[in-house]
Amino acid sequence: MDKKYLDFICSLHGYCIRVKEIHWSTDNNSEHLLCDEIEEEIHDLEDRFAECTMGITGKKVKIGDLKPMLPHATKLKEMLKELADETMDMKDNFDGYQYSGLENICDDIMEMCGKYMYRTTQK
């Protein structure tokens, strides 16, 4: 699989880990519950992106390829902003109609980031 796609998958996996770290370390029950929702959505989007990529490229993720890449941010809202920025960088790689599915998944990631950046402001 092309390195840029595999790196993005590994990055999404890292975001799942970071959300779980925030989930377990928070003293705020609202943030704790919000992390559950976010982790579930990122996990689903990671799976969709990986499977769509494999369908487009015809190349599978092999055993040992998944090496989580953790985000720099350690706070929820900043982490979501980092994910949004990384997603927009990924979208720059798509050129052609065959990538429309991956673009749609990236759009869904952007929607999720916006929604949860707002939700982090609620107590």
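This write-up is about the structure you can find in this document.

Definitions and limits used
- Residues numbered from 1 in each chain as written.
- Predicted model: local features only at pLDDT ≥ 70, side-chain atom pairs only at ≥ 80, totals over all residues.
- Heavy atoms only, no water.
- Axes fitted to C-alpha atoms, helices over the stretch in contact; angles between N-to-C directions.
- Helix = DSSP H or I, 4+ residues; strand = E, 2+ residues; numbered from the N terminus.
- Parallel < 35°, antiparallel > 145°, perpendicular 65-115°, else oblique.
- Left-handed = near helix turned anticlockwise from the far one by under 90°.
- Contact = heavy atoms within 4.5 Å.
- Nonpolar A, V, L, I, M, F, W, Y, C, P; charged D, E, K, R; others polar.
- Disulfide = S-S within 2.5 Å.

### A few points about the packing of helix α2 (residues 29-57) against helix α3 (residues 76-91)
- Close contact between α2 and α3 brings their axes to 12 Å; oriented N to C, the two are set at 15°. Considering their axes alone, α2 and α3 lie roughly parallel with respect to each other. Remark: the crossing between α2 and α3 carries left-handed chirality. Judged by residue contacts, E31, L34, C35, I38, I42 and F49 of α2 engage L76, L80, L83 and M90 from α3.
- Class assignment for the residues of the contact of α2 with α3 results in 9 nonpolar, no polar and 1 charged.

### Some thoughts on the side chain of S11
- Position of S11 among the secondary structure elements: in helix α1 (residues 3-25).
- Look past the residues within four positions of S11 in its chain and what remains in contact with it is M69 and E86.

### Some points on the state of the cysteines
- For the structure shown, the criterion picks out 0 disulfides.
- Between C10, a free cysteine, and C16, which holds the nearest cysteine sulfur, the sulfur-to-sulfur gap is 12 Å.

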